[in-house]
Amino acid sequence: MIVELLGTGTSHGVPRIGCDCPVCTSDDPRNKRMRCSAWIRDGDLSIVIDTGPEFRLQAIRSNIKHLDAVLYTHDHADHLNGIDDLRVYTEQRSLPVYGPDEVLQDISRRFPYAVGENPWRGGLPQLQLHAIDQKGIVIGNMHIIPIPLIHGCRQVFGYRIGTFAYLTDCKSIPQTSVELLEGVTTIVIDALRQAEHPTHMNFDEAMAIAKIIGAEKVYFTHLTHRNDHRQLEQTLPEGFYPAYDGLVIDMIKS
Ligand SMILES: [Zn+2]
Ligand SMILES: [Zn+2]
Ligand SMILES: [Zn+2]
């Protein structure tokens, strides 16, 4: 299984509009962060987690030719608002979309034209919505387990597939969810910045929970413009890495 991080930035993206700080004006391509999304491939199977506002640019950059399913973590704009660009994948058949029931309800309310069959094939997305519960789902040979996370006053889903887990957005991870992560070796986790935030983990919080989970490789995502990639890479302890857009994690080798 190959995981490619399509976007690793916070809700503003990096650079942030109108900001002249050293990170926003940096030449380092790893300081250019689109909104969070991940592409997971296993053989011919192709799944994305979340479709943020830059989904089109991400799909072009990574040359995503087909999709078998989309998983949503939650319905914040930075994770959902690229949904219209799924239409290219639904010209021949509708696309299964999985997520918490309340997220699917929000998609039906905000994008009613995208749900179900429509007579303008190619003009509008055609999505089949499937609420996902604790049992998880099987797509091809992938068993996908939802991991409830606390994101401010809401519960959202991270996802575990085999020994990999994608855990954003979150401020905390309940003990019952930590138990669902037993045996995970590699995680991508919300770690906004050094300073605390009411709805996202900071570095210390993400490091503490990652140690409890026992992951060997921990990639920080949802990063803000307060983080210079190179500096962060040099200061994080062994096993912890700042993610970056285009990072490929090969779960066969790891
Ligand atoms: Zn977010
Ligand atoms: Zn900035
Ligand atoms: Zn969010």
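Going by the structure above, here's the rest.
Residues numbered from 1 in each chain as written. Chains lettered and ligands numbered in written order. Predicted model: local features only at pLDDT ≥ 70, side-chain atom pairs only at ≥ 80, totals over all residues. Heavy atoms only, no water.

Draft legend 1. Region of the structure containing the nonpolar core. One finds I144 and F164 to be the most contacted residues of the largest nonpolar core, which totals 28 residues. Elements represented by at least two residues in this core include exactly β1 (2–7), β2 (37–42), β3 (45–49), β4 (69–71), β7 (137–139), β8 (142–151), β9 (154–161) and β10 (164–167). Those residues within four positions of I144 in sequence are excluded, and the remaining contacts are I47, L71, G136, I137, I139, Y159, R160 and I161. Counting residues in hydrophobic clusters, the runner-up holds 27 residues, among them C170, A206, I213 and F240. (Core = buried A, V, L, I, M, F, W, Y, C linked by side-chain atoms within 4.5 Å. Buried < 20%, exposed > 50% of the residue type's maximum accessible area, 1.4 Å probe, protein only. Helix = DSSP H or I, 4+ residues; strand = E, 2+ residues; numbered from the N terminus. Contact = heavy atoms within 4.5 Å.)

Draft legend 2. The arrangement of the pattern of salt bridges in detail. Tallied over the full model, the rule gives eleven salt bridges. Two residues, R30 and E233, come together in a salt bridge whose shortest N-O distance is 3.6 Å. Remark: E233 occurs in helix α6 (residues 229–235) and R30 occurs in the loop between β1 and β2; sequence separation between them is 203 residues. Note on R30: relative accessible area 21%, which makes it partly exposed. A salt bridge links D106 to R109; the nearest nitrogen and oxygen atoms lie 2.4 Å apart. Of this pair, D106 and R109 both sit in helix α3 (residues 101–110), separated by three residues, roughly a single helical turn. Of the residues examined, D106 reaches a relative accessible area of 8% and is grouped as buried. Classification of R109 by relative accessible area gives exposed; the value is 62%. Taken together, the salt bridges that share partners define one network made up of D28, R30 and E233. (Salt bridge = Lys/Arg side-chain N within 4 Å of Asp/Glu carboxyl O.)

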